[in-house]
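# Notes for the structure review
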Amino acid sequence: MPAEGYIQVHAYTSEAQIPLPGTAIAILADDGRLLAVRLTNASGQIQPVPVEVPDLAESLDPNFAGQPFTTVTIRAQHPNYEQIQVHNAQVFAGVTTLQPLEMLPIPLYPETLDRVEYFDVPPQPL
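Residues numbered from 1 in each chain as written. Predicted model: local features only at pLDDT ≥ 70, side-chain atom pairs only at ≥ 80, totals over all residues. Heavy atoms only, no water.

Across its full length, the protein chain holds one helix and nine strands. Scanning the protein chain from its N terminus toward the C terminus, one meets helices and strands in the order β-β-β-β-β-α-β-β-β-β. Burial analysis of the protein chain (126 residues in total) assigns 37% to the buried set. Sequence separation of at least 24 residues holds for 62% of the intrachain contacts in the protein chain that already meet a minimum separation of 6. (Helix = DSSP H or I, 4+ residues; strand = E, 2+ residues; numbered from the N terminus. Buried < 20%, exposed > 50% of the residue type's maximum accessible area, 1.4 Å probe, protein only. Contact = heavy atoms within 4.5 Å.)

Here you go:
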């Protein structure tokens, strides 16, 4: 039986983690379905987005053959900053997963305006 977990994003710039409000965040399911589109608030965060995940009890069963989490893709865009795309962000039952995104300013060179930084999260060694 499916359960619910949550994904929350924190977009910021610089190592000082200065919040980046107005960042467009898209959360997509593995099959490409759009689960949510949000803009970050003054703190650079979005409200947690619910995601259907495997039931916690199933993941505690030693005969459970699947993954005890659901993976999603996160896309982030903000004017004057490089785009970020995170593949396989993991969401667990009853947990809010926080995905920090350090947004890098776009260099002044036009040939890099469409640059996207890709990150792939490896599965948890459970």
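So that's the structure; there's more coming.
The next subject is the pattern of salt bridges. Scanning the model with the defined rule gives one salt bridge in all. A salt bridge links R33 to D31, with the shortest nitrogen-to-oxygen separation between them at 2.9 Å. On the accessibility criterion, D31 (56% relative accessible area) is exposed. (Salt bridge = Lys/Arg side-chain N within 4 Å of Asp/Glu carboxyl O.)

It is worth spelling out the environment of L104 at this point. Tracing the sequence through the fold places L104 in the loop between β8 (96-103) and β9 (116-120). Take L104: its relative accessible area is 33%, and that puts it in the partly exposed class. Leaving out residues up to four positions away in the same chain, L104 has contacts with N80, Y81, E82 and E117.

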